[in-house]
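Results of the structural survey
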Amino acid sequence: MMKILLALLFLQLPAFALCSPNYGDALSKSILFFEGQRSGALPQDQRLKWRADSALHDGSTKGVDLTGGYYDAGDNLKFNFPMAFTTTMLAWSVIDFGGMMPPAEQRNALVAIKWATDYLLKSVSELPNRIYVQVGDPIADHDCWERPEDMDTPRTVYVVEAPNPASDVAGEIAAALAAASIAFRSADPSYSQTLLRNAVNAFKYADTHRGAYSDNSYIRSGVCPFYCDFDGYQDELLWAAAWLRKATQEDIYLSYIESNTQTLGAIESSNEFGWDNKHAGLHVLVSQEVLQGGMYTLESYKASADSFMCTLVPQSPTAHIQVSPGGLIYKPGGSNLQHATSITFLMLAYANYLDKSSQTVKCGNMNLSPSLLRKFAQQQVNYILGDNPLGLSYMVGYGLKFPQRIHHRGSSLPSIRVHPEFIACKEGSTYFNSPGPNPNVLVGAIVGGPGQDDVYGDDRADFRKSEPTTYINAPFVGALAYFTANPSPL
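Residues numbered from 1 in each chain as written. Predicted model: local features only at pLDDT ≥ 70, side-chain atom pairs only at ≥ 80, totals over all residues. Heavy atoms only, no water.

Further remarks concern the state of the cysteines. In the structure shown here, the tally under the stated rule is three disulfides. Covalently, C144 is tied to C425 through a disulfide, its sulfur atoms 1.9 Å apart. Between C144 and C425, the S-S dihedral sits near -95°, and the bridge is therefore left-handed. Placement of C144 in the loop between α5 (138-142) and β3 (157-161) and of C425 in the loop between α15 (409-412) and α16 (429-432) is noted, with a sequence separation of 281 residues between them. Residue classification places C425 among the buried positions, given a relative accessible area of 17%. Through a disulfide, C310 is tied to C363; the S-S separation comes to 2.0 Å. On the sign convention where negative means left-handed, the S-S torsion of about -85° between C310 and C363 marks this disulfide as left-handed. Pair noted here: C310 is in helix α12 (residues 299-310) and C363 is in strand β4 (residues 361-363), with a separation of 53 residues, a long-range link. (Disulfide = S-S within 2.5 Å. Helix = DSSP H or I, 4+ residues; strand = E, 2+ residues; numbered from the N terminus. Buried < 20%, exposed > 50% of the residue type's maximum accessible area, 1.4 Å probe, protein only.)

So, in structure tokens, the structure goes:
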């Protein structure tokens, strides 16, 4: 029966490329991308040499050091909410799939995590009094096309003072630090303990001062409409508690998850997972306690995870997620590959949890096996790497054909090493409007991707399709690690 179901799956899904993807090469490049997003003083072993130091005085207007961290996308801003989610997903990639990475890439992944966590530790260093949530004025920044090394727009520091709410961003930072503490447990036990201690403090702030950070009027003007909390802060509280439970194994966090299932809407159905909506990821993460730990008081989380998986695979009788004619998971709103990479990660993580407990998912009259989840996940990965109607890799620098004109300031302007003269705010417009390819290849960057018709125009101005983000790449690291070790999964 399983062979028949797999055959049916392949009959339903289109195939375009004959060459097998080089998952190991893609994995290396997906991690290298983060070096192109670095803010602050760059180390001597920086591999993307066209980048240089930037934003060396972040935080100085508030008398605090907020240097470091990552620019979220193609601009020069540091939004802590999506940066923390990026960090959580990089850490989860190492926790679940790090053993499948070549040792050198596992080390590189830990370096990528630490670049973020070092910054996030600074953001929560003054708890319980305040939490720093963003650096950079987005209106001024978006009005310029400027290299980060030349940046002269205001580096406004956005801070939430107690007792004002910041449950979403504080909760996501708590999740990121807790997850990272697990990732670093063997490699650096002392640093792991520092991360965990600060994760506990961040969660205390999130739970004590409940509410969305973007509900603070003095914050809202800076974070909205870019990274407002659109879906509520409750999921971040549960998400943080789940990661703290995983990191500490303490019953206080288990009790929190159990007792807040209803009050915080834990089992809300969701068909997405990303920087703003954690429900599907929460369900998968907590399900591991049920599947492998026999914690049946959390069965409702597993039921929600099962239901989510049943919505994904095309031949499931309850499938309802939209898929492009070429086979790509699609959700409206732009930057679609953020959905494809994060959902792909969840399918692979859940397949592993099911496999280890010898279970399948019941979808109506069909049994959804780990093998079917992995096959559909592999289709998503292969599509992104070039097995699609355009034969185009959506990872920059991977394959023979990839986007040349991505929406990214540092990539599209001449490197400061080649053109050391200052390029002012509006002088960059010449490069933005150039029809030519970007001079600096941001290796490993995954762009927003094609529309629901599988069409991609390689247009720098079309930021919804051509802009890379850290949170597109982060979950893809885990997916690529899995297929590097299992190129022909069962």
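Turning next to the pattern of salt bridges. Considering all chains together, one arrives at 20 salt bridges under this definition. Look at the salt bridges and you will find they share partners, linking E35, R38 and R47 into a network. (Salt bridge = Lys/Arg side-chain N within 4 Å of Asp/Glu carboxyl O.)

Glancing now at unusual backbone geometry. The peptide bond linking L127 to P128 adopts the cis configuration, its omega dihedral lying at 10°. A cis amide bond, omega 10°, links A162 with the succeeding residue P163. Structurally, P163 can be placed in the loop between β3 and α6 (167-183). Backbone geometry places D458, a non-glycine residue, at a positive phi of 50°. Its place among the elements puts D458 in the loop between α16 and α17 (463-466). Residue class for D458 comes out buried when judged on its relative accessible area of 14%.

For α6, which comprises 17 residues, the first-to-last C-alpha distance of 24 Å matches the rise-based estimate of 24 Å (1.5 Å per residue) to within 8%. When you tally the buried positions in α6, you get 17 out of 17 residues, the bulk of the element. (Expected span 1.5 Å × (residues − 1).)

A regular strand places its side chains so that they alternate between the two faces of the sheet. Where burial is concerned, most of strand β2 (residues 130-135) is hidden: five out of the six residues are buried. Pairing geometry for strand β1 (residues 78-79) and β2, over two bridges, is antiparallel. Bridging across to β2, K78 finds its partner in V135. Pairing of β2 with β3, which is carried by five bridges, proceeds in the antiparallel orientation. Residue Y132 lies in a different strand from β3, and its bridge partner there is V159. (Pairing = 2+ DSSP bridges.)

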